[in-house]
Structure formats: C-alpha cells, structure tokens
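# Structural overview for review
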Amino acid sequence: MAAGMRKRGRAGPAARAVGLCGQWLRRAWQERRLLLLEPRYTLLVAACLCLAEVGITFWVIHRVAYTEIDWKAYMAEVEGVINGTYDYTQLRGDTGPLVYPAGFVYIFMGLYYATGRGTDIRMAQHIFAVLYLATLLLVFLIYHQTCKVPPFVFFFMCCASYRVHSIFVLRLFNDPVAMVLLFLSINLLLAQRWSWGCCCFSLAVSVKMNVLLFAPGLLFLLLMQFGLRGAFPKLGICAVLQVVLGLPFLLENPVGYVSRSFDLGRQFLFRWTVNWRFLPEALFLHRAFHLALLTVHLTLLLLFALCRWHRRKYPVTAEGSLQKEGSTPAPHTQPYPLNHGKIVSALFTSNFIGICFSRSLHYQFYVWYFHTLPYLLWATPARWLTHLLRLLVLGLIELSWNTYPSTSCSSGALHMCHAVILLQLWLGPQPFPRTIQHSKKAH
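Given the structure is predicted, the values throughout are model-derived calculations rather than measurements.

## Examining the overall build of the protein
- When helices and strands are counted, the protein shows 18 helices and two strands.
- Looking at the protein residue by residue over its 443 residues, the buried ones come to 48%.
- In the protein, the proportion of contacts linking residues at least 24 apart, taken out of those at least 6 apart, comes to 76%.
- A total accessible area of about 22100 Å² is found for the protein, and carbon and sulfur atoms account for 67% of it.

## A closer look at the UniProt feature "transmembrane region" (unreviewed entry) in the protein
- According to UniProt, the feature "transmembrane region" (unreviewed entry) maps to residues 41-61, 98-115, 127-146, 177-195, 201-223 and 288-307 in the numbering used here.
- Between the C-alpha atoms that bound residues 41-61 there is a distance of 30 Å. The span itself is 95% helix and 0% strand.
- The straight-line gap between the two end C-alpha atoms of residues 177-195 is 21 Å; of that span, 84% is helix and 0% is strand.

## Topic: the packing of helix H9 (residues 175-190) against helix H15 (residues 340-356)
- Two numbers describe how H9 lies on H15: the axes approach to 10 Å, and their chain directions differ by 150°. With respect to each other, H9 and H15 are oriented roughly antiparallel. For the pair H9 and H15, the crossing hand works out as right-handed. Contacts between H9 and H15 pair Phe183, Ile186, Leu189 and Leu190 from the former with His340, Ile343, Val344, Leu347 and Phe348 from the latter.
- Among the residues forming the contact of H9 with H15, the class breakdown is eight nonpolar, one polar and no charged.

## A word on a nonpolar patch on the surface
- A surface patch of nonpolar side chains, about 450 Å² in accessible area, is lined by Leu219, Leu223, Leu228, Phe232 and Leu235.
- Of note, Phe232 is situated in helix H11 (residues 215-252).
- What makes Phe232 exposed here is its relative accessible area of 52%.

## Considerations on the nonpolar core
- The biggest cluster of nonpolar side chains holds 128 residues, and the ones touching the most others in it are Phe108, Phe348 and Ile397.
- With near-sequence residues (within four places) excluded, Phe108 lies in contact with Trp71, Tyr74, Met75, Val78, Phe128, Phe173, Asn174 and Val177.

## As for the packing of aromatic side chains
- For the structure shown, the criterion picks out 36 aromatic pairs.
- A connected cluster of aromatic rings, assembled from ring pairs, spans Trp71, Tyr74, Tyr100, Phe104, Phe108 and Phe128.
- A cation sits over an aromatic face here: Lys234 above Phe226, 5.1 Å from the ring centre.
- Sitting over the ring of Phe270, Arg277 keeps its end group 4.9 Å from the ring centre.

## Quick look at helix H6 (residues 121-146)
- An ideal rise of 1.5 Å per residue puts 38 Å on 26 residues; H6 measures up with 37 Å between its terminal C-alpha atoms.
- Cys147 occupies a position one or two residues after H6 and carries a positive phi of about 55°.

## Points about the side chain of Ser406
- Structurally, Ser406 can be placed in the loop between helix H17 (387-402) and helix H18 (408-427).
- Since its relative accessible area comes to 6%, Ser406 is described here as buried.
- Polar contacts involving the side chain of Ser406 include one to the main-chain carbonyl oxygen of Thr273, which spans 2.6 Å.
- Here Arg277 takes part through its side chain, which lies 2.9 Å from a polar atom of the side chain of Ser406.
- Leaving out residues up to four positions away in the same chain, Ser406 has contacts with Thr273, Val274, Arg277, Tyr363 and Ser411.

## A closer look at the environment of Met75
- Locating Met75 in the fold gives a position in helix H4 (residues 71-82).
- Linking Met75 and Met109, residues 34 residues apart in sequence, is a C-alpha distance of 7.7 Å.
- The contacts of Met75, once residues within four sequence positions are left out, are Phe108, Tyr112 and Gly118.

## Comments concerning helix H8 (residues 162-170)
- A large share of H8 lies buried, amounting to eight of its nine residues.
- Those residues of H8 not exposed but buried are Arg163, Val164, His165, Ser166, Ile167, Phe168, Val169 and Leu170.
- Those residues of H8 that are buried are in contact with helix H3 (42-63), H6, H9 and H17.
- With its phi angle positive at about 60°, Leu172 sits one or two positions after the end of H8.

## Examining the pattern of salt bridges
- Going through the model one piece at a time under the given rule, you end up with two salt bridges.
- The shortest N-O distance in the salt bridge between Arg40 and Glu38 comes to 3.3 Å.
- Since its relative accessible area comes to 51%, Arg40 is described here as exposed.
- Given the relative accessible area of 26%, Glu38 is considered partly exposed.

## Section: the side chain of Ser360
- By secondary structure assignment, the location of Ser360 is in the loop between H15 and helix H16 (373-378).
- Among the polar contacts made by the side chain of Ser360, one reaches the side chain of Thr273 at a distance of 3.3 Å.
- Apart from the residues lying within four places of it in its own chain, the contact partners of Ser360 are Phe268, Thr273, Asn275, Trp276, Phe284 and Phe365.

## A look at the state of the cysteines
- All chains considered together, the criterion is met by zero disulfides.
- Just so you know, Cys50 is unpaired, no disulfide at all, and the nearest cysteine sulfur is the one on Cys158, 7.0 Å from it.
- Accessibility expressed as a relative area gives 18% for Cys50, which makes it buried.

## Some remarks on the confidence of the model for the protein
- Counting all residues, the mean pLDDT for the protein is 87, and 85% of those residues have values of 70 or more.
- Within the protein, no element has a lower average pLDDT than helix H1 (residues 2-30), which sits at 61, and none a higher one than H9, at 98.
- In the model, residues 5-9 has pLDDT below 50 throughout and makes zero contacts with residues more than four positions away in sequence or in other chains.
- Contacts for the low-pLDDT stretch residues 431-443, under 50 throughout, to residues beyond four places or in other chains number 23 contacts.

Procedures and definitions
- Just so you know, the residues in each chain are numbered from 1, in the order the chain's sequence is written.
- For a predicted model such as this one, the threshold for reporting local features is a pLDDT of at least 70, and the threshold for listing and counting side-chain atom pairs is 80 or more; totals across whole chains, interfaces and linings nevertheless cover every residue.
- Note that the side-chain values use all heavy atoms of the structure and ignore hydrogens as well as water.
- Numbering goes from the N terminus for both helices and strands, where a helix is a DSSP run of H or I of at least four residues and a strand is a run of E of at least two.
- For every residue, the accessible area obtained with a 1.4 Å probe (protein chains only) is divided by the maximum for its type, and the residue is called buried under 20%, exposed over 50%, and partly exposed between those limits.
- Between two residues, a contact is recorded if the distance between any of their heavy atoms is within 4.5 Å.
- Here the Shrake-Rupley method, with its probe set to 1.4 Å, supplies the accessible areas, and only the displayed protein chains count as covering residues.
- UniProt positions are given in the numbering used here, feature names are shortened, and annotations may be inferred rather than shown by experiment.
- The axes are straight lines fitted to the C-alpha atoms, using for helices just the contacting stretch, and the angles between their N-to-C directions are given from 0 to 180°.
- Any angle from 65 to 115 degrees is called roughly perpendicular, while one under 35 is roughly parallel, one over 145 is roughly antiparallel, and all others are oblique.
- Crossing handedness follows the turn of the near helix against the far one: under a right angle anticlockwise gives a left-handed crossing, and clockwise gives a right-handed one.
- Asp, Glu, Lys and Arg are counted as charged, while Ala, Val, Leu, Ile, Met, Phe, Trp, Tyr, Cys and Pro are counted as nonpolar; the rest, among them Gly, fall into the polar class.
- Exposure above 30% relative accessible area and the lack of any salt bridge qualify a residue for a patch; like charges then connect within 9 Å, and the nonpolar side chains Val, Leu, Ile, Met, Phe, Trp and Tyr within 5 Å.
- By definition here, a salt bridge exists when the distance from a side-chain nitrogen of Lys or Arg to a carboxyl oxygen of Asp or Glu is within 4 Å.
- The set of buried Ala, Val, Leu, Ile, Met, Phe, Trp, Tyr and Cys residues whose side-chain atoms join them within 4.5 Å is what this entry labels a nonpolar core.
- Aromatic rings from Phe, Tyr and Trp, with only the six-membered ring used for Trp, were paired whenever their centres fell within 6.5 Å, and each pair was classed as stacked if the ring planes differed by under 30 degrees, edge-to-face if by over 60, and tilted otherwise.
- Counted as over-ring charges are cases with an Arg CZ or a Lys NZ within 6 Å of the ring centre that also lie within 35 degrees of the ring normal.
- To estimate how far a helix should extend, the number of its residues minus one is multiplied by 1.5 Å.
- Here a polar contact means two N or O atoms within 3.5 Å. Within protein one must be a hydrogen donor candidate and the other an acceptor candidate, and residues neighboring in sequence count only if both atoms are side-chain atoms.
- The disulfide criterion is simple: two cysteine sulfur atoms within 2.5 Å.
- Scored between 0 and 100, pLDDT is the confidence that the predictor attaches to each residue.

Rendered as structure tokens:
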C-alpha cells in the first residue's frame, strides 16, 4: 500500500504538468488567429519554427548537392597562415587573394582543423547548420524584444527561403559567420551591454567588411546614448580590437594588410551582379557611377539621422514622468533612454540604405539584410501597405535573389521593392519612445 501511495505521489506532479500542457495547447488552439498576429506570441512561434528548421536543414544537407564556390579558397588562404605566411599580399586561394580581415582567418582556421584540413565537407555543413539555427535564435530574440512584427511573417523568414538555406549549408560562405556575430552584438546592445555589443560588432567587422553598413546607425546610437565624449571609449573598443586581431599581419606588412582586408575600392565583376543587371557594363564599372551611389547613400543616411532617427530630448524626472518641451527643467532629471525599437530601427535602416545603393550585390550578400526585412516592412505602420502587399514585396525580393543568372527584370523588381521599403520607412510615423515608469521599489 505504501508503495502504491509513493507511485501516486510521484505521478501527481507529472499528471498536473501534462494537464497544464494540454490546457495551454487548447487555449493556443482557441486563440490561433491571435497566435499568428500578436507579437507577444513571437517566442512560441519561433520555437515551433526552429524545430521545423532542424528537420528542413538536415534534409537540405543530405538531399541537395553541395556546390563548391569559395570553401576551398578559404581553406587555402588560412593554410598559408598556418604555414607561417603573415604577409597579406602573399596569401591567396583558388579564387584570388585574401581580402577579408584577420577575424576571418582565425575563425576559418578553427574550421580548417575541425573539418580535417577542410576536406570533411559534411562536417562543415553541419557546423554551418548549427550556425544557421543560432542566427535564427538571435534574430527571434530581437523580434521578441521589439514586439512589432506579427508571428505569421516568421515562416517566410526561415522555412520558405531556398536561397538562404543554400548560402548557409550548401555554399559555406563567410557572410553567415559575420552576420551571426552582428546579431549577437545587437542583442547585447538591446540588453544595454554597450561595451560588449561594440566588441562583438568589431569582431563581426573583422570577419567581413559588409558589417560596416550598420556602422552609421551604431555611431548615431552611441552619440544619442552617451554624447560625443562618452561615445569615444566605445569606438575605441572597436578600433583596439581590430588592431589586436590584425597585429601579427600588421607587424609583417601593415600597408598590405590594410589595403587587402579593408579595400573599399575593390572592383566587382558584372557577371555576378544581382542588382544592376539592367545597366550597360561600361556604366556599371565607371567610377563616376560609384561616386554617385556613394553620394546618394551618404545623403540618405544624413536625412534619416536628422529627420527620422533623431529623438526629442525630453528628460525623465526621478519619478519617471516625461518633461514636456519648453517647461522648466526639474531637478534630478536624466537623459531619455533609447528603447528597443529605436536601436533596431537605426541599425536595420542604416544597413538597408547601404544595400540599396551598393555598387554590386552578389548572391551570398542576401543574408546581409534578409533577416531584417520583416522588421523593415512591418515595424512602421502604413495603411497603404497591407499585409498582402508586404508579403508580395517579400516574395518579389526572394524571387529576384533566386533568379540565376540575374536579368534586367529581376534587378528592376529588386530595386522597385527596395524603393517601396524606403518610402515606407520615410513616410511612416516616427516611433517616439514610450515613457518609462520607474517602480517604487527602485526608489
């Protein structure tokens, strides 16, 4: 009898847990419409999609043929460093010279050893699959904290994109490595870990220079959060980390390292362009065209910084109330903190403007902004842009990136979709921060 009572006692908590789980699932089913539309369900939907992605990614690795593009070149480049060559001008792979900063060398050196000197492609694919799932997790955490995007959109952000799966696990490019570090940096910034966030941001830049497209937004946030004097230590973290990582190569040939790893004037081949296929090749390669793109890029960044990102400097009193403009400053006021939406909007928009006016976009560059597109489309309310139209924009962008080789129509459609997003970002209501009420316990 005592044994039976012990069994019932042990079964009690398990039975209650099963009952609560069943009750929760029934409630979720009853509120299934809200489950797809309410951002507060982001984590639940994200968990389901991540589980689905485990199966999808495994299927892609084992059922779709791997395509060799840059992996052997990466391995040859880091093998040169392993063999003792620290002069960047002497490091080459099958596709040309090494053009990535030192962080790339260290990370792919680890992959070199983990994959049997780069020969175990299947192992590399599984490592990149884990990297892909880590990227999704970090992105979902960002969306959960901003609470702006309806969860049904996340299906199109992960399960439905053939090109992104291909970039991660069928091509093994270095772009995903840079982006996972970038999303980690953004999560740290959202947690108000600014020093660590800047450190991770610099680490991402050291893998691939495209992360610098987020730099104008980060600079704006640092100036808003800390002021000019307070921003310098954070920028110093970014600079010092670049020097430390590149030190072995800087000591050997500083000019060669800087000119190769941070070559802003590198020429792109017309045959690989996704965004400018409708232009004549002579115009695509012309320096005047590049200068015009840079001018428009910088002008738009300045306009967004002054007119869209700039926050009203209303101070917050010690009681947590927001002081109105023109009122007499109350004692014990503090600067208004940046909210999550403000941080993410500045960073994502900065990157998106850079992509819109890039000299060229190659197929692997899609991951530079793919995971930010739902936020850019849904975070800013616009009555003229319905859910259906936003999904249409997402679909056309995906179709443009899946068209190989690119055509004049696919490039034109891509620019048209970019223009719609830019217009929405400019015309949408400015997201002013909400008043932060301090709890009584804090005082």
